[in-house]
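Residues per chain, in single letters:
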Amino acid sequence: MLTLTHYLIVSAALFAMGIAGILIRRNILMILLAIELMFNAANLAFIAYARAWADLGGQIAVFFVITVAAAEVTVGLAIAILLSRQLNTLNADEVSRLKG
Amino acid sequence: MPDIHLSPFISCLSWTLLLAPLIAASAIWLFGIHRRRLAANLALTGMVTSFGCALWVFDQALRQHSHAFAWESSVEWLSVPGFTVSFGVLLDPLSLLMTLIVTGVGSLIFLYSTAYMKADAAFSRYFGVLSLFAFSMLTIVLSPNWIQLFIGWELVGFCSYLLIGHWYAKPSAAEAGKKAFMVNRVADCGFLLGILALWGISGSAASERTLHFHSLQARLPDLIASGAIPSSLLTLVGLLLFCGPIGKSAQFPLHVWLPDAMEGPTPVSALIHAATMVAAGVYLLCRSFWLFAMSPVTLSTIAWVGGLSAILSALLAVVEQDLKRILAYSTLSQLGYMVMAVGLGSPIAGMYHLSTHAFFKALLFLAAGSVIHGTHQQDIRKLGALRRSMPWTSGSFAIGSLALCGIPGLSGFFSKDAILVLAHERNAILYWLAVSTAGLTAFYIGRAWFVAFTGTSHGTHAHESPPIMTGPLSILAVLSIVGGYLGIPHFLGHPNETIHWQVVFTSISAAGIGLALSWLIYGRHWLSAQKLVLALAVPYSFLQRRYGIDEFYNAYVTHIQQRFIAGFCAWFERACIIRIGVNGIAWTTYYASWLIRLWQTGKVQTYALTFLIGVLGLIFHLIRQ
């Protein structure tokens, strides 16, 4: 029997993988993918709770997240394209213009 | 202690008296700096107004039954808890006499200056500073407390600096001004310490302490009698305070600035470096005579410094060739007399000689100025036979010289005699020093007279000065003659004294011998001056080097002060203050910021990691609760 806990463990694992991806990977595209992974971890947690507590609010939140994620990906990909055009790189280490 | 009572009318008069020259000076600086005529008129008006008020107050004072009046009017100037400084006027016989001299002689010299400085480019600046000087001098004279006195003291020093360096484009004048300023700072350092020490001993708690002349005089004797102040401390305070007069009145060993101060315009030499400012030291000694008198050591130091200054500078005047410098040394010597008189216990004799000296020395200087104006020459060897070409000037110079020698009947005789009688009673060595000084005085002034005013002309085209210059000369000549009959000691509260025939005879013989010798050597050429110089080569060259005091100061400054003291200060500044202090703080900040900057990589991932750690920490914290 799959309980809420099982879903949450998977969700947390996905989230951790996302964070690890963000912190470890150097390619901007991979970082964007890792962010998507974290979104989906959150979505999984929402859906699991919606099912467990029989509350549709969770599913509505997921639709929002998917919409926002789509918007985010457009922005993220636009940044990636601009970076490759301007700096001719997709390596995050070489982009340190935020340095004070 | 005399009662303090001041009618509103006299109060008003005395404030006008003090402030008129200041208003004149401000007006000159604001509106008159490019208007020569206006500047001169403003300065003269200020000074004459002051003199008029002084005469009026004097008239009021003479109507008093007692001569021990003391009127005071002051306003609170600045006040911090436990310490109040007031600014005001104190009128008693001493300050009134000095005020009359300053404003009276000052008015004459202002008038004389309008002609003497006619061709000067900085005519307005000259009168502006001269008016400021008059105000500063009156601030000293009328001061009811030590703080105001010190402020005036520094202000006159500053004006003196400006006026000595009036022709600042001339390097020697600029140097002389600087020298006067520096030497006076050395003396004023001791003076200021003395004032602070006096404040310290004037009471046990801060609220009781005072620097007011009358309060001090009322309080200190009790404190001393009760044993609260040890006598050694009192001696120390007296000696420190005496540093002020040593500098300002140019006593040995800080006399070196006064001969150099002759670089200034001659009316300035007459007013500041002969008649008034340099006399401020003597005035100060008389003002607080009771304080100095409480310590015998202080008093005898004052007497000896005065006596030695008198004879040592008279000797220097004998070998000097510059007319103004001869008079400068003569001033030093006469100031020595006054200081000695105070040291021997009679401030009245000192003030008496100060008054008559102000007349005849101002006269001598203005006559010398007239000579310089007429011939553009001040080396006595290049002058000669002025008696014929400049009769008024020569006549005035002769009267001034005779008064300076102490020829009976003239003012100098009475005042010098008062000092000699005093010395005769108190101290035999000082008495004979003073008598020798009297002889030397007659000799050097006789020398100046016979070389410059008689004999043969050396081709200088002399012409008599305009009446606006000879007028003040004549008035001062009259004052130099009658100064002894004005009853100055009586006004200061001294009973008429009987004539001491033995002293009179000695002093007249000394002056006579001096004059006769100078006549034989320089008038008749009975003894050749050149041969005398050759015969006395060693002492002569020693005197020409001015006892080597200037050289000693130079050597001290360059070899000890510059090398060791200034060298150490420079090292300390570079190594400690700049390297460790200033640059050290800069380097610390720089490296600290470098360390913190490592945090800021500019990589979003680092920030994300930091953020993650923060969130985890927050979650952990929340779970633990």
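Conventions adopted
- Residues numbered from 1 in each chain as written.
- Chains lettered and ligands numbered in written order.
- Predicted model: local features only at pLDDT ≥ 70, side-chain atom pairs only at ≥ 80, totals over all residues.
- Heavy atoms only, no water.
- Helix = DSSP H or I, 4+ residues; strand = E, 2+ residues; numbered from the N terminus.
- Contact = heavy atoms within 4.5 Å.
- Areas by Shrake-Rupley, 256 points an atom, 1.4 Å probe, with all protein chains shown as cover.
- Lys, Arg positive; Asp, Glu negative; His and termini not counted.
- Charge placed at Lys NZ, Arg CZ, Asp CG, Glu CD.
- Buried < 20%, exposed > 50% of the residue type's maximum accessible area, 1.4 Å probe, protein only.
- Pairing = 2+ DSSP bridges.
- Axes fitted to C-alpha atoms, helices over the stretch in contact; angles between N-to-C directions.
- Parallel < 35°, antiparallel > 145°, perpendicular 65-115°, else oblique.
- Nonpolar A, V, L, I, M, F, W, Y, C, P; charged D, E, K, R; others polar.
- Salt bridge = Lys/Arg side-chain N within 4 Å of Asp/Glu carboxyl O.
- Patch = residues over 30% accessible without salt bridge, like charges linked within 9 Å, V, L, I, M, F, W, Y side chains within 5 Å.
- Disulfide = S-S within 2.5 Å.
- Left-handed = near helix turned anticlockwise from the far one by under 90°.
- Polar contact = N/O pair within 3.5 Å; in protein donor to acceptor, adjacent residues only side chain to side chain.
- Phe/Tyr/Trp six-rings, centres within 6.5 Å; stacked < 30°, edge-to-face > 60°.
- Lys NZ or Arg CZ within 6 Å of the ring centre and 35° of its normal.
- pLDDT = per-residue confidence, 0-100.

## Let's talk about the overall build of chain B
So, point 1. Per the secondary structure count, chain B includes 26 helices and two strands.
So, point 2. Counting only C-alpha atoms and orienting by the principal axes, one finds that chain B spans roughly 120 × 60 × 50 Å.
So, point 3. Of the contacts made within chain B by residues no fewer than 6 positions apart, 79% connect residues no fewer than 24 positions apart.
So, point 4. For chain B, the accessible surface area stands at approximately 26800 Å², while carbon and sulfur atoms represent 69% of it.
So, point 5. Computed over 34 positive and 23 negative side-chain charges, the inter-centroid distance for chain B is 12 Å.

## Quick notes on the pairing of strand β2 (residues 83-91) of chain B
All names here are of chain B.
So, point 1. Of all nine residues in β2, seven are buried; the element is thus mostly enclosed.
So, point 2. By the bridge criterion, nine bridges tie strand β1 (residues 71-80) to β2 in an arrangement that is antiparallel. Residue Trp71 lies in a different strand from β2, and its bridge partner there is Leu91.
So, point 3. With antiparallel pairing between neighbouring strands as the criterion, β1 and β2 make up a hairpin whose turn holds two residues, including Gly82 at a positive phi of roughly 85°.

## Structural notes on unusual backbone geometry
So, point 1. Of note, the bond from B:Phe252 into B:Pro253 is cis; its omega dihedral lies within 30 degrees of zero at 5°.
So, point 2. Following the sequence through the fold, B:Pro253 ends up in the loop between α8 (231-248) and α9 (257-260).
So, point 3. Not every positive phi belongs to a glycine, and A:Ala54 is a case in point at roughly 55°.
So, point 4. Assignment of secondary structure puts A:Ala54 in the loop between α2 (28-53) and α3 (57-86).
So, point 5. Owing to a relative accessible area of 70%, A:Ala54 belongs among the exposed residues under this scheme.

## Quick word on the packing of helix α3 (residues 93-116) of chain B against helix α15 (residues 347-375) of chain B
A pair of packed helices is characterised by two quantities: the angle between their axes and the separation of those axes.
Residues and elements named next belong to chain B.
So, point 1. Running from amino to carboxyl end, α3 crosses α15 at an angle of 5°, the nearest separation of the two axes being 11 Å. Judged by the angle between their axes, α3 and α15 are roughly parallel. Across the interface between the two elements, Leu94, Leu97, Met98, Ile101, Val105, Ile109, Tyr112, Ala115 and Tyr116 from α3 touch Met351, Leu354, Ser355, Ala358, Phe359, Ala362, Leu366, Gly369, Ser370, Ile372 and His373 from α15.
So, point 2. Considering only residue class, the contact of α3 with α15 consists of 16 nonpolar, four polar and no charged.

## Comments concerning the pattern of salt bridges
Residues and elements named next belong to chain B.
So, point 1. This model, assessed by the stated rule, comprises eleven salt bridges over all chains.
So, point 2. Here Arg325 and Asp260 are joined by a salt bridge, their closest N and O atoms 3.0 Å apart. Here Arg325, found in helix α14 (residues 323-343), pairs with Asp260, found in helix α9; they are 65 residues apart in sequence, far enough to count as distant.
So, point 3. Residue classification places Asp260 among the buried residues on the basis of a relative accessible area of 13%.
So, point 4. The salt bridge involving Arg546 is made with Asp550; its shortest N-O contact spans 3.4 Å.
So, point 5. Residue Arg546 is classed as partly exposed on the basis of its relative accessible area of 25%.
So, point 6. You can call Asp550 buried: its relative accessible area is 18%.
So, point 7. Each of the salt bridges in this network shares a partner with another, and the network as a whole consists of Lys179, Asp260, Arg325, Arg546 and Asp550.

## Brief notes about the environment of B:Phe397
Residues and elements named next belong to chain B.
So, point 1. Positionally, Phe397 belongs in helix α17 (residues 391-405).
So, point 2. Taking relative accessible area as the criterion, Phe397 reaches 0% and is therefore assigned buried.
So, point 3. In this structure the C-alpha to C-alpha distance between Phe397 and Ala385, which are twelve residues apart in sequence, comes to 13 Å.
So, point 4. Residues within four places of Phe397 in sequence aside, it is in contact with Leu323, Leu364, Ala367, Ile445, Trp449 and Phe453.

## Observations concerning a nonpolar patch on the surface
Residues and elements named next belong to chain B.
So, point 1. Together, Trp587, Tyr590, Tyr591, Trp594, Leu595, Ile596 and Leu598 give the surface a local cluster of nonpolar side chains, amounting to about 830 Å² of exposed area.
So, point 2. If you trace the backbone, Tyr591 turns up in helix α25 (residues 549-597).
So, point 3. Since its relative accessible area comes to 46%, Tyr591 is described here as partly exposed.

## Description of the state of the cysteines
Residues and elements named next belong to chain B.
So, point 1. Considering all chains together, one arrives at zero disulfides over all chains under this definition.
So, point 2. With no disulfide partner, Cys569 has as its closest neighbouring cysteine sulfur the one in Cys576, 11 Å distant.
So, point 3. Overall, Cys576 belongs to the partly exposed group, its relative accessible area being 26%.

## A short note on the side chain of B:Arg325
So, point 1. Classification of B:Arg325 as buried rests on a relative accessible area of 15%.
So, point 2. Every residue in contact with B:Arg325, bar those within four places of it in the chain, is listed here: B:Pro259, B:Asp260, B:Met262, B:Glu320 and B:Arg546.

## Description of the packing of α17(B) against helix α20 (residues 467-482) of chain B
Residue and element names in this part refer to chain B.
So, point 1. Packing of α17 against α20 brings their axes to within 10 Å, and their N-to-C directions diverge by 25°. With respect to α20, the element α17 is oriented roughly parallel. In this structure, the crossing between α17 and α20 has a hand that is left-handed. When α17 is examined against α20, the residues Trp392, Thr393, Ser396, Ile399 and Ala403 are found in contact with a partner set consisting of Thr470, Leu473, Ser474, Ala477, Ser480 and Ile481.
So, point 2. Split into classes, the residues belonging to the contact of α17 with α20 amount to six nonpolar, five polar and no charged.

## Structural notes on the interface of chain A and chain B
So, point 1. Contact residues are listed per partner, giving 14 residues for chain A and ten residues for chain B.
So, point 2. Linking chain A with chain B are zero salt bridges.
So, point 3. Connecting chain A to chain B are three residue pairs in polar contact (both at pLDDT 80 or more).
So, point 4. Looking at the side of chain A that touches chain B, the element that brings in the most residues is helix α1 (residues 4-24) of chain A, giving three residues.

## Re the packing of aromatic side chains
Two aromatic rings, taken as a pair, are described by how far apart their centres are and by the angle between their planes.
Residues and elements named next belong to chain B.
So, point 1. Under the criterion given, the structure shown has 26 aromatic pairs over all chains.
So, point 2. With centroids separated by 6.0 Å and ring planes inclined at 35°, the aromatic side chains of Phe568 and Trp571 adopt a geometry described as tilted. Separated by three residues within a single helix, Phe568 and Trp571 lie in helix α25, roughly one turn from each other.
So, point 3. Relative accessible area serves as the criterion here: at 48%, Trp571 is assigned to the partly exposed category.
So, point 4. Members of the aromatic cluster, joined through ring pairs, are Trp146, Phe150, Trp153, Phe191 and Phe213.
So, point 5. Its guanidinium or amino end placed over the ring of Phe181, Arg185 lies 4.3 Å from that ring's centre, counting from NZ or CZ.

## Here's the deal with the confidence of the model for chain B
Residue and element names in this part refer to chain B.
So, point 1. For chain B, mean pLDDT is 85; residues scoring 70 or higher make up 97% of the total.
So, point 2. Helix α4 (residues 123-141) holds the highest mean pLDDT among the elements of chain B, 91, whereas helix α21 (residues 488-491) holds the lowest, 78.
So, point 3. As scored by the predictor, the complex reaches a pTM of 0.78 and an ipTM of 0.72.

## Focus: the environment of B:Ser507
Residues and elements named next belong to chain B.
So, point 1. On the secondary structure map, Ser507 appears in helix α22 (residues 501-523).
So, point 2. Residue Ser507 is classed as buried on the basis of its relative accessible area of 6%.
So, point 3. Residues Ser507 and Leu13 lie 494 residues apart in sequence; the distance between their C-alpha atoms is 42 Å.

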